[in-house]
Amino acid sequence: MLEEYHEFETRLSGFFAQQMRKSFTVLPSDMRFHIIIAAVFWCGYVDSRKIRGISSSYKRFYRERKSFLCIDGSKIIPFEQVNDDYCDCEDGSDEPGTSACPRGRFYCTNLGFRPHYIPSSRVNDGICDCCDASDEYNSHAQCQNSCWNLGQREREYVEGQMRTLDEGLRLKQQLIEEGVLLWREKQAQLRELQQVAEDLQIKLEEHRRRKHEADRLKEEILKDLEAGDNGIQHQNSTISSIFQLLDSNKDGSITVDEVQEKVALIRDEERVLSVDEAVSLLGGGHQMDLANFRHTLWDVLTTGDSVKIKDTHGAPGRLVSEDPHLKAADGAAEWEATSLKKVEESYDTVNMEISDLQKKLAIDYGTDWEFLFLNSQCYQLKVYEYTYTLCPFNQITQKNTAGTEVLLGKWGMWAGTPKNQYSQMVYENGEPCWQGGSRSTTVTLTCGAETALRSVKEPSKCQYIMDFQTPVACQPVLQQRGVHSEL
């Protein structure tokens, strides 16, 4: 049946063509010209009717022929029924330029701007949807072709984005180089701290040993006193121990520097003895051995009320005991205890610094350590009555005008896409929310020539999102937001 229809169509068109040729030869020349022009425009109209609403990639399905196959393959219809304002194909492919098919799509060419599809129900509905006005070809709407102006704005935007990208990539390269250097500095700092910790460990063991000896001597004196033994042997042992306490370098003699270091005036413990005062305590010389110590400085320390061994507690001049040997041993024990405490505090401080530095170095700062510079930095943004503070790799807070600060999350992880995992940060385990759960914040990193916090929103209760702009978020390829090649 379809073949018979096409045969009839061919004969009919041939007949009309023959009659037209006969009539055309008898017309005046000027009228022939007008007929030719009209025919050209009519052919253009007919052709445009048939292909209106089609993208260039689909034109191969709409080549002029006797029949048309629905794109879904469900039906064959005469080609004259394409764009005839009657829906023949279930997929709507026979009416790309009209609103006849409910599932149809109309293609806006939008030369000079971005092309796109609209539902075919919007064709000739009196509303201008395509910037080239192609969707309102047969309606009362007076649509203007605004594609060029829209495209110009789009091009200016893209050019601005490209300039920002170029500047961002330049700054990113600088930050990468700085990040590498900073990483090396942090590693060197860690090694130095670890060496200091090792040295302090050795020093700590020595001070513990010396404190143990001082405590043991004090206990022996107390036991001797309780037993009534205050003989020469005990006194010699005490004198020898105090001498060793003052002899820091263990060279067998006490010098001016050692006296200044460990002996103080009772009435002015903070003042360091002058050289002359130290020489006087040493019997007029600059050093003293154990034999001379027994008859000079020892007597001053045990019987006088002018000087004492440093760091003994209690009011100035007050004796721990009436026994001079116990007084000296008690001072030595307190001195060693104080010294040990100082070394322990230094050791603990260094270990805390090592731990903090190791935690910082364990964070993923990017493939080239480009995000390392953000550590120890904070960025603020005021939104209405709140001030938001983002401290990358640490925490995020919110402070109101009354000064109340709320923790919105602590550093959690990178949560970007598989292609760019460094495009998003997650901060979690913030302060509890009144609805249950804890506050959390998602930070999206965008490309920019400067590093700044750009926006903060709370799309749902206690769930925050931030836009954080920085050069290190710039990628070598910028997607041009769908700008068509026809621009």
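Refer to the structure printed above.
Quick caveat, the model's predicted, so the values are computed rather than measured.

1. Describing the state of the cysteines
- Counting across every chain of the model gives eight disulfides.
- Between the sulfur atoms of C433 and its disulfide mate C462 the distance is 1.9 Å. Of note, the bridge from C433 to C462 carries an S-S torsion of about 70 degrees and is right-handed in sense. Residue C433 is found in the loop between β13 (424-428) and β14 (440-447), and its partner C462 is found in the loop between β15 (452-460) and β16 (463-470); the two are separated by 29 residues along the sequence. C462 carries the same exposure label as C433, and that label is buried.
- A sulfur-sulfur distance of 1.9 Å marks the disulfide that ties C447 to C474. As the torsion about the S-S bond is roughly 85 degrees, the C447-C474 disulfide counts as right-handed. Remark: C474 occurs in the segment after β16 and C447 occurs in strand β14; sequence separation between them is 27 residues.
- A residue is classified by how much of its surface remains accessible, and C447, at 28% relative accessible area, is partly exposed.
- Classification of C474 by relative accessible area gives buried; the value is 0%.

2. Let's talk about the nonpolar core
- Ranked by size, the top nonpolar core spans 41 residues in total, and within it F371, V443 and L453 carry the most contacts.
- Grouped together as the second largest cluster of nonpolar side chains are 24 residues, I239, A278, L281 and V307 included.

3. Focus on unusual backbone geometry
- Despite not being glycine, K250 shows a phi value in the positive range, around 55 degrees.
- For K250, a relative accessible area of 45% gives the class partly exposed.

4. Points about the pairing of strand β10 (residues 386-391)
- As judged from the five bridges shared by strand β9 (residues 379-383) and β10, these two strands associate in the antiparallel manner. Directly across from K382, in β10, lies its bridge partner T387.
- The hairpin turn running from β9 into β10, its antiparallel successor, is two residues long, and Y384 in that turn takes a positive phi close to 55 degrees.
- Between β10 and strand β11 (residues 395-400), which pair antiparallel and follow one another directly, the connecting turn spans three residues, one of which, F393, has a positive phi of 65 degrees.

5. Thoughts on the side chain of H207
- Mapped onto the fold, H207 is located in helix α3 (residues 147-227).
- Setting aside its immediate chain neighbours within four residues, H207 contacts E336, S339, L340 and V343.

6. Some points on the environment of G448
- Among the structural elements, G448 can be located in the loop between β14 and β15.
- In contact with G448, other than residues within four places in its own chain, are T164, G168, Q469, T470, P471 and C474.

7. Here we look at the pairing of strand β12 (residues 405-414)
- Here β11 pairs with β12 via five bridges, running antiparallel. Note on β12: the bridge partner recorded for I396 is G409.
- From the end of β11 to the start of β12, which pair antiparallel, there are four residues, and G403 there has a positive phi angle of about 95 degrees.
- Of the strand pairs in this sheet, β12 and β13 are connected by four bridges, and their pairing is antiparallel. The residue bridging W411 from the neighbouring strand is Y427, located in β13.

8. What about a nonpolar patch on the surface?
- Taken together, Y58, I71 and Y117 make up a surface patch of nonpolar side chains, about 230 Å² in accessible area.
- For Y58, a relative accessible area of 32% translates into the label partly exposed.

9. Considerations on the side chain of D132
- Inspection of the secondary structure puts D132 in the loop between β4 (116-119) and α3.
- No salt bridge forms around the buried D132; measuring N to O, its nearest opposite-charge neighbour R52 is 9.2 Å away.
- Here the side chain of D132 touches N110 through a polar contact of 2.9 Å, landing on its backbone nitrogen.
- Separated by 2.8 Å, the side chains of D132 and S134 make a polar contact.
- Ignoring any residue separated from it by four or fewer positions in sequence, one finds D132 in contact with C108, T109, N110, L111, N145 and C147.

10. Remarks on the pattern of salt bridges
- If you walk through the whole model with that rule in mind, you get ten salt bridges.
- Residue R209 is joined to E206 by a salt bridge in which the shortest nitrogen-to-oxygen separation is 2.6 Å. Residue R209 and its partner E206 are located together in helix α3, separated by three residues, close to a single helical turn.
- The partly exposed category is assigned to R209, whose relative accessible area is 44%.
- Where E220 meets R216, a salt bridge forms, and the shortest distance between an N and an O atom there is 2.5 Å. Of the two residues, E220 and R216 are both situated in helix α3; the distance of four residues between them amounts to about one turn of the helix.
- Looking at E220, the relative accessible area reads 33%, which means it is partly exposed.
- Linked through salt bridges whose partners overlap, the residues forming this network are E213, R216 and E220.

Cut-offs used in this document
- Residues numbered from 1 in each chain as written.
- Predicted model: local features only at pLDDT ≥ 70, side-chain atom pairs only at ≥ 80, totals over all residues.
- Heavy atoms only, no water.
- Disulfide = S-S within 2.5 Å.
- Helix = DSSP H or I, 4+ residues; strand = E, 2+ residues; numbered from the N terminus.
- Buried < 20%, exposed > 50% of the residue type's maximum accessible area, 1.4 Å probe, protein only.
- Core = buried A, V, L, I, M, F, W, Y, C linked by side-chain atoms within 4.5 Å.
- Pairing = 2+ DSSP bridges.
- Contact = heavy atoms within 4.5 Å.
- Patch = residues over 30% accessible without salt bridge, like charges linked within 9 Å, V, L, I, M, F, W, Y side chains within 5 Å.
- Areas by Shrake-Rupley, 256 points an atom, 1.4 Å probe, with all protein chains shown as cover.
- Salt bridge = Lys/Arg side-chain N within 4 Å of Asp/Glu carboxyl O.
- Lys, Arg positive; Asp, Glu negative; His and termini not counted.
- Polar contact = N/O pair within 3.5 Å; in protein donor to acceptor, adjacent residues only side chain to side chain.

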